[in-house]
Amino acid sequence: MESRKIVEESEQFLATSTRELPLVLDRGEGVWLYDVDGNKYLDFTSGIGVNNLGWPSHPEVIRAAEAQMKKLAHSMGNDFYNVPQLELAKKLVQLTPGEFPKKVFFSNSGTEAVEASIKLIKQSDPKRKYLIAFIGSFHGRTFGSLSLTASRPVQKYLFGPTLPGVFHIPYPNPFRNPWHINGYEDPDSLINAVLEYLESWVFAHLVDPEEVAGIIFEPIQGEGGYVVPPKGFFSQLEKTARKYGIYLIDDEVQMGMGRTGKMFAIENFNSTPDVITLAKALGGGLYPIGATVFRKDLDFKKKGMHSNTFGGNAVACAIGVKTLEIVKELLPRVNELGKLFQEELTQMKVDDVRGLGLAWGIEFVRGERKEPDTKTRDKVIEESFKKGLLLLPAGKSAIRIIPPLVISEEEAKVGLSILKEVINSLR
Ligand SMILES: Cc1ncc(COP(=O)(O)O)c(C=O)c1O
């Protein structure tokens, strides 16, 4: 029982954070994780969207990392130049949606990618001081990104006030419409209701749209509960944004990198953002990296306005280049396997199933008003863990099902049958 000892000791030395399960990881192999006691777990978490290529990573990515590590790792990417940084920037510019010239800023995490996006759009027009974000969103935990985040009160608890000038609007959640009233069941009504709220309430009473710099969104809300908005939402939002000269920031930190069956989740929604933030899986599960890809005309007006120490690390960038190549090859199978997940999950005793590719959410609720059934959700995660399946919560009563994109059909079926058995035993 090595695990128990390590957990107890860790609790004495590590800051209180988000840990829930007493899992002490030792090593990983593809979609399998092993703890220090030799127990084996099937991973349906991808390390919160980081290990899209499995554990510790794809062999080709490991080779690319090793080769680069022997030459140069830390490389002062904001002070000097290096080839992997340039290669990754070119690849990201080419792969991200939008046929306009773009540039990239590299950092080390999702929150930093978001911070850079805030700075970019704010400095591009100093008259525009305000930002719009969505209720249920998660954009990070540093003060700028935290001010945009609105998924759980505890994330902001006792830290306020955060950045001023942020207005939150409802996210079009088809399962639990934000107004809790009938009449928004069909996708068009839901889209109209959100945009009407933006125009007739926020723009009419709270802020002049000509003073808004940007609207930031997740194409599928991750921490908020794996909420998939109606297909037409982002193209409609884009129309509204364009009307007022407001920039769109697409936070792909969790949903990007092939997770939804497209390289970037926004490609499922026929809309072109001005800024895209990336992190997590871009580092292949091996290295931290963040990237902010933006329209070239948004670039920082003066040298030194933004920079950092570790951004553009040559190893992180070499990993990013290889990771993008492999994810691209995996996209057809992500879509194929996605069908299996959809079929199997919709047959389970859950109250909602939503997702795209290999990004699925299942939700547990009670009664007509769909009160979150957090207890059942937590029990499903706990019992699955006991049976060797790793799952993570999302929102108040959903579970996210995000296996590594390299999972085989057989492995997927093993995990899905554990999940089904557990849910059957509880409902
Ligand atoms: C959509 C989104 N944006 C930003 C972040 C913050 O990323 P990080 O934890 O790397 O700072 C996350 C993290 O979960 C995320 O899901």
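Up top is the structure these notes are about.
Within every chain, residues take consecutive numbers counted from 1 along the sequence as written. The predicted nature of this model means local features are confined to residues of pLDDT at least 70 and side-chain atom pairs, given and counted, to a pLDDT of 80 or more, with totals for whole chains, interfaces and linings taken over all residues. The basis for every side-chain value is the complete set of heavy atoms in the structure, and neither hydrogens nor water enter the calculation.

Peer 1: How would you summarise the overall build of the protein chain if you had to cite specific residues and measurements?
Peer 2: Note on conventions: DSSP H or I runs of at least 4 residues are helices, E runs of at least 2 residues are strands, and numbering of each starts at the N terminus. Secondary structure summary: the protein chain contains 12 helices and 17 strands in total. C-alpha atoms define the radius of gyration, and 2.2 Å times the number of residues to the power 0.38 defines the globule rule. Here the C-alpha radius of gyration of the protein chain, 21 Å, is about what a compact globule of 427 residues would show, namely 22 Å. By principal-axis analysis of the C-alpha atoms, the protein chain measures approximately 60 × 60 × 45 Å. Here a residue-residue contact requires only that any non-hydrogen atoms of the pair lie within 4.5 Å. Intrachain contacts of the protein chain at a sequence separation of at least 6 include 73% that bridge at least 24 residues. Carbon and sulfur atoms make up 53% of the accessible area of the protein chain, which amounts to about 19500 Å² in all. Counted as positive: Lys and Arg. Counted as negative: Asp and Glu, with His and the chain ends omitted from the count. The location of each charge is read from NZ of Lys, CZ of Arg, CG of Asp or CD of Glu. In the protein chain, the 52 positive side-chain charges and the 54 negative ones have mean positions that sit 3 Å from each other. Using a 1.4 Å probe, the Shrake-Rupley method yields the accessible areas, and only the shown protein chains count as cover for residues.

Peer 1: Break down a nonpolar patch on the surface for me, with residues and values.
Peer 2: Residues Val154, Tyr157 and Leu158 make up a contiguous nonpolar surface patch of roughly 380 Å² in combined accessible area. When you line up the elements, Val154 lands in helix 7 (residues 153-156). In this scheme, a residue with accessible area under 20% of its type's maximum is buried, one over 50% is exposed, and one in between is partly exposed, where area comes from a 1.4 Å probe on protein chains only. Under the relative-accessibility criterion, Val154 is labelled partly exposed at 48%. Within the patch definition used here, like charges are joined within 9 Å and nonpolar side chains (Val, Leu, Ile, Met, Phe, Trp, Tyr) within 5 Å, considering only residues with over 30% relative accessible area and no salt bridge. Salt bridges are counted wherever a side-chain nitrogen of Lys or Arg sits within 4 Å of a carboxyl oxygen of Asp or Glu.

Peer 1: Before we move on, could you go through the packing of helix 3 (residues 59-71) against helix 10 (residues 314-346) and cite the residues and values that matter?
Peer 2: Orientation of helix 3 relative to helix 10, taken along the N-to-C sense of each, is 155°, at an axis distance of 9 Å. Here helix 10 runs roughly antiparallel to helix 3, going by the angle between their axes. Here the hand of the crossing between helix 3 and helix 10 comes out right-handed. Mapping the contact onto sequence places Glu60, Val61, Ala64, Ala65, Gln68 and Met69 in helix 3 and Ala314, Val315, Ala318, Ile319, Lys322, Thr323 and Ile326 in helix 10. Counted by class, the contact of helix 3 with helix 10 contains nine nonpolar, two polar and two charged residues. Simply put, an axis is a line fit to the C-alpha atoms, just over the touching stretch for a helix, and the angle between two N-to-C directions goes from 0 to 180 degrees. Relative orientations are named as follows: roughly parallel for angles under 35 degrees, roughly antiparallel for angles over 145 degrees, roughly perpendicular for angles from 65 to 115 degrees, and oblique for any other angle. Crossing handedness is defined as follows: a turn of the near helix away from the far one that is anticlockwise and smaller than a right angle gives a left-handed crossing, while the clockwise case is right-handed. Under the scheme applied here, ten amino acids are nonpolar (Ala, Val, Leu, Ile, Met, Phe, Trp, Tyr, Cys and Pro), four are charged (Asp, Glu, Lys and Arg), and all others, including Gly, are polar.

Peer 1: Go over the sheet that holds strand 10 (residues 290-295), please, and point to the residues and values.
Peer 2: Following DSSP output, two strands are said to pair if at least two bridges run between them. Taken together, seven strands build an open sheet; the order of strands is 4-10-9-8-7-5-6 and the sheet is mixed. Each edge of the sheet is formed by a strand with only one pairing partner; in this case those strands are strand 4 (102-107) and strand 6 (166-169). Strand-to-strand twist across the sheet, computed as the mean angle between neighbouring axes with direction ignored, equals 20°. Where helix 8 (residues 187-206) meets the sheet, its contacts fall on strand 5 (130-134), strand 6 and strand 7 (212-217), and the angle it forms with strand 6 comes to roughly 150°.

Peer 1: Let's hear about unusual backbone geometry: which residues, and what values?
Peer 2: Residues Trp55 and Pro56 are joined by a peptide bond in cis, for which omega reads -15°. Along the chain, Pro56 falls in the loop between helix 2 (46-49) and helix 3. In this chain, Gly160 is followed by Pro161 through a cis amide linkage whose omega measures -10°. Mapped onto the secondary structure, Pro161 falls in the loop between helix 7 and strand 6. In this structure, Leu158 takes a positive phi of about 65° despite not being glycine.

Peer 1: Now, about the pairing of strand 11 (residues 352-356): what can you tell me, with residues and values included?
Peer 2: The buried count for strand 11 comes to four of five residues, which makes it a mostly enclosed element. Sheet topology note: the strand 11/strand 12 (residues 359-363) ladder contains five bridges and is antiparallel. Counterpart to Leu356 in the pairing with strand 12 is Ala359. The hairpin turn running from strand 11 into strand 12, its antiparallel successor, is two residues long, and Gly357 in that turn takes a positive phi close to 55°.

Peer 1: Describe the nonpolar core, and please don't skip the residues or the numbers.
Peer 2: In this structure, Leu237, Ile401 and Leu419 are the most contacted members of the largest nonpolar core, which totals 92 residues. Broken down by element, this core gets its largest block of residues, 15 residues, from helix 10. What marks off one domain from the next here is an automatic or database domain assignment. Counting the residues that make up this core, at least three belong to each of domain 1 (2-57 + 331-426) and domain 2 (61-326). Those residues within four positions of Leu237 in sequence are excluded, and the remaining contacts are Phe134, Leu195, Leu198, Ile215, Phe217 and Leu248. Among buried residues, those of type Ala, Val, Leu, Ile, Met, Phe, Trp, Tyr and Cys that are joined through side-chain atoms within 4.5 Å constitute a nonpolar core.

Peer 1: Tell me about the sheet that holds strand 17 (residues 398-401), and please be specific about residues and values.
Peer 2: The four strands lie next to each other as 11-12-17-16, forming an open sheet whose pairing is antiparallel. With one partner strand each, in any of the chains shown, strand 11 and strand 16 (392-394) form the two edges of the open sheet. Averaged over all pairs of adjacent strands, the angle between their axes in this sheet comes to 30°, without regard to strand direction.

Peer 1: Please set out the site of the ligand residue by residue, giving values where relevant.
Peer 2: Contacts to the ligand come from Ser109, Gly110, Thr111, Phe138, His139, Gly140, Glu218, Glu223, Asp251, Val253, Gln254 and Lys280. In this structure, Phe138 approaches the ligand through a main-chain N or O atom, which is 3.4 Å from a nitrogen atom. Polar contact is defined as a pair of N or O atoms within 3.5 Å, subject to the rule that within protein one atom must be able to donate a hydrogen and the other to accept it, and that residues adjacent in sequence are counted only when both atoms are side-chain atoms. Gln254 has a polar side-chain atom sitting 2.8 Å from an oxygen atom of the ligand. Contact with the protein chains hides 83% of the accessible area of the ligand, taken as 390 Å² for the molecule alone. When grouped by side-chain class, the residues that make up the shell around the ligand number two nonpolar, six polar and four charged. Nearness here has a simple test: a residue counts as near a molecule or strand if at least one of its heavy atoms is within 4 Å of that partner.

Peer 1: How would you sum up the pattern of salt bridges? Please name residues and give values.
Peer 2: Taken as a whole and judged by the stated rule, the model has 28 salt bridges. Across the pair Arg27 and Glu29 runs a salt bridge, and its minimum N-O distance is 2.8 Å. We classify Arg27 as partly exposed; its relative accessible area is 41%. A salt bridge links Arg242 to Glu238; its shortest N-O distance comes to 3.4 Å. Of this pair, Arg242 and Glu238 both sit in helix 9 (residues 233-244), separated by four residues, roughly a single helical turn. One salt-bridge network, in which partners are shared between bridges, spans Glu238, Arg242, Asp274, Arg295 and Asp297.

Peer 1: Account for the side chain of Ser75, naming residues and giving values.
Peer 2: Mapped onto the elements of the fold, Ser75 is located in the loop between helix 3 and helix 4 (83-95). Its relative accessible area of 8% is what places Ser75 among the buried residues. There is a polar contact of 3.3 Å between the side chain of Ser75 and the backbone oxygen of Gly312. Sequence-distant contacts of Ser75, defined by excluding residues within four places in its chain, comprise Phe80, Asn82, Gly312, Asn313 and Ala314.

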